[in-house]
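Read off the chains here:
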Amino acid sequence: MSILELKNLTLVKDGKILLSNINIEIWAGYVHAIVGPNGAGKSTLANTIMGLHGYRNFVGDILFEGKSIKNLSIDERARLGITMVFQEPARFEGLAVDDFILAGVKEKKENLIDEALLKVGLDPLKYRKRAVDKTLSGGERKRIEIASIYAMKPKLVFLDEPDSGVDIDSVKFIFEIIKDFKKQGTTVILVTHSPEVLKQSDHAFLICAGKLICKGEVDKMFDYFTGKCAPCNHVGNPEIEDGKTI
Amino acid sequence: MSENKILQELLFYSGLHKTSPDIAHVEIHGNKVLGANLVEGLIVKSESFSEGVNIKIEVVKEIKNPVRFCFGLIPENGIQKINIDTVIKENASAEFFATCTFPNAKNIQHIMNANIIIEKNASLKYFERHIHGPEGGVLIVPVTEVFVKENARYSTEFELIKGAAGVIKLDYKAKVERHGIVDMKARIFGRLKDKIYIKESAHLKGENSVGVLTSHIALKDEANAIVENEIIADAAFARGHVDCKEIVQGKAVARAVPIVQVNNPKAHVTHEAAIGSVDSKQLETLLSRGLSEDEAVDLIINGLLK
Ligand SMILES: Nc1ncnc2c1ncn2[C@@H]1O[C@H](COP(=O)(O)OP(=O)(O)O)[C@@H](O)[C@H]1O
Ligand SMILES: [Mg+2]
């Protein structure tokens, strides 16, 4: 069963094609990865599905659980069960970590905060009362974002570069929580240019220059990271039929 | 409603219902003093008149625990005038924590006139929290004149974040002598058709005196705010800073006018004023958690005003 379907999704901004006729089906309950070089349009794709400002005038359609979400606002999409961790998490002056984590949780239980923080390897005693502001490092903010999403138990989550800024010792927590998301029934879409993150997925999509280049098994997708940029060999200027299965 | 019931409600809304014998407190509903507990070194005399209460406060030594003042009106309509004369004697110090509670206000006036003298080497830290109902309906006029003598300190913080502000006309003036310090802060969240007028002013008369005036105002809906904070520095090595930060959403209108005047070439006064809206990334992050735009803006602004 697919939870999300992109139908001929095209996004043009300032005369530039950012997403070009993308057709994707996301199967429920799996961990998917969207990979591709910098500037390929990976974040753009996630932002468009979330409905962020500046990503709403697309052509084509987005179906969530079979229904079009094209005309829904961000919060309406979120209330259906779609959410995301931004590539660059926002800073919130004066907002405590525990209030931030509970903000999107329907049944606000105190113990959820500790559970979520421990999952991303942060000590609740040290972090709960701190503000989600510039006194936290990029990696700490990222982990707190992921913790907050974990507490929400969404149906579908985009994790945009989930390891960026996170130190080597803590990345294992991110990889663990990806498995936990899957266990609790959340469909995960990893947006990444890292082979290590790609390894955490069950299934992958390669995009380049706003086009879906191919999709399929993770193992086979690794050629892309070996430097050959297979299967097309033209970084930023793909010459392959869209959406080929490998 | 019985007096005791009113007292319990006032204390409940202000969150000050837990107490102990070594904590001084005074509760005033309308023009009635409903309760009080004094501690050594703190002298409070009060006298009611038809629309309010005159209070004389003297602090003659260091008071350890914050002194709690609970003002307010539980009914929908009414007037409360509080005139306070406070003297903090030489070398004495105290912290006052005041709450002003108008949870059901439809048509309420709260007029506070304070004269404060902080004598040599003395200090007073004053915090005033307002708790209003959701609809406004309150006219708040806090007027304070404070004399900060040699080497004395005065800090004051006015907080109105819960409930609609209504109409506020805040006017705080301080005169500061040598080595004296004044620090005034207002944090207000205006909504609906709230009208907020803030004028904090510090006159740095003595050498090495210091003044810091801060106003952090957030506005949404059709609220309107004007902030006119002013520092005048007369003496050598007097230092001052005026900081106005305003956040506007919706149809709100904000105006900030920092005024600085320096009458001595060795004085130094700076100011900053910033008016902006809620950051779109913060907003979108919270929207993507399923919060409505209103809930998201409230959460962001409450953080910023902290
Ligand atoms: N809001 C936008 N307006 C204009 N161009 C954009 C916008 N967002 C992304 N782009 C452009 O789209 C391309 C893809 O960006 P992005 O999706 O961030 O790439 P990545 O695959 O690295 O996540 C880049 O060339 C970027 O400059
Ligand atoms: Mg990106």
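Note: the structure precedes this text.
Parameters and conventions
- Residues numbered from 1 in each chain as written.
- Chains lettered and ligands numbered in written order.
- Predicted model: local features only at pLDDT ≥ 70, side-chain atom pairs only at ≥ 80, totals over all residues.
- Heavy atoms only, no water.
- Pairing = 2+ DSSP bridges.
- Helix = DSSP H or I, 4+ residues; strand = E, 2+ residues; numbered from the N terminus.
- Axes fitted to C-alpha atoms, helices over the stretch in contact; angles between N-to-C directions.
- Contact = heavy atoms within 4.5 Å.
- 1 Å grid on protein atoms, 1.4 Å probe; cavity = no way out; pocket = protein on both sides within 12 Å on 5 of 7 lines; lining within 4 Å.
- Points joined across faces, edges and corners; volume = space filled by probe spheres on them.
- Nonpolar A, V, L, I, M, F, W, Y, C, P; charged D, E, K, R; others polar.
- Near = heavy atom within 4 Å.
- Polar contact = N/O pair within 3.5 Å; in protein donor to acceptor, adjacent residues only side chain to side chain.
- Areas by Shrake-Rupley, 256 points an atom, 1.4 Å probe, with all protein chains shown as cover.
- Buried < 20%, exposed > 50% of the residue type's maximum accessible area, 1.4 Å probe, protein only.

### Details of the sheet that holds strand β15 (residues 210-219) of chain B
Residue and element names in this part refer to chain B. Pairing within the open sheet is mixed, and its 10 strands lie in the order β2-β1-β5-β7-β9-β11-β13-β15-β18-β21. The two strands at the open ends of the sheet, each matched to only one other strand, are β2 (32-37) and β21 (268-276). Averaged over all pairs of adjacent strands, the angle between their axes in this sheet comes to 10°, without regard to strand direction. In the sheet, strand β18 (residues 239-248) pairs with β21 via nine bridges, with the strands oriented parallel. For Ile247, the partnering residue across the bridge sits in β21 and is Gly276. Along the sheet, helix α3 (residues 293-304) contacts β11 (153-162), β13 (181-190), β15 and β18; its crossing angle with β13, the most-contacted strand, is approximately 175°.

### Digging into the layout of surface pockets
Remark: the empty space left among the atoms is shown by a probe the size of a water molecule rolled over them. All names here are of chain A. Of the voids in this model, the largest pocket is the one considered here, and its volume is about 450 Å³. Of all the secondary structure elements, the ones that give two or more residues to the lining of the largest pocket are α2 (74-80) and α6 (138-152). Looking at which element gives the most residues to the lining of the largest pocket, the answer is α2, with three residues. Class assignment for the residues of the lining of the largest pocket results in nine nonpolar, three polar and nine charged. As a volume, the second largest pocket reaches approximately 290 Å³.

### Let's talk about the site of ligand 1
Residues and elements named next belong to chain A. Taken together, Lys13, Lys16, Leu18, Pro37, Asn38, Gly39, Ala40, Gly41, Lys42, Ser43, Thr44 and Tyr55 are the residues near ligand 1. At a separation of 2.8 Å, an oxygen atom of ligand 1 approaches a polar side-chain atom of Lys16. Here an oxygen atom of ligand 1 sits 3.1 Å away from a polar atom, N or O, in the main chain of Ala40. Calculation on ligand 1 without its partners gives an accessible area of 560 Å², and the protein chains cover 67% of this total. Counting only elements with at least two residues in the shell around ligand 1, the list comes to β2 (16-27) and α1 (42-50). Residue composition of the shell around ligand 1, by class: four nonpolar, five polar and three charged.

### Structural notes on unusual backbone geometry
Residues and elements named next belong to chain A. We note that Lys153 has phi near 50°; this positive angle belongs to a residue other than glycine. Locating Lys153 in the fold gives a position in the loop between α6 and β7 (156-160). On the basis of relative accessible area, Lys153 is assigned to the partly exposed category, the value being 46%. Of note, the phi angle at Glu161 is positive, near 45°, even though the residue is not glycine. The topology assignment puts Glu161 in the loop between β7 and α7 (168-183).

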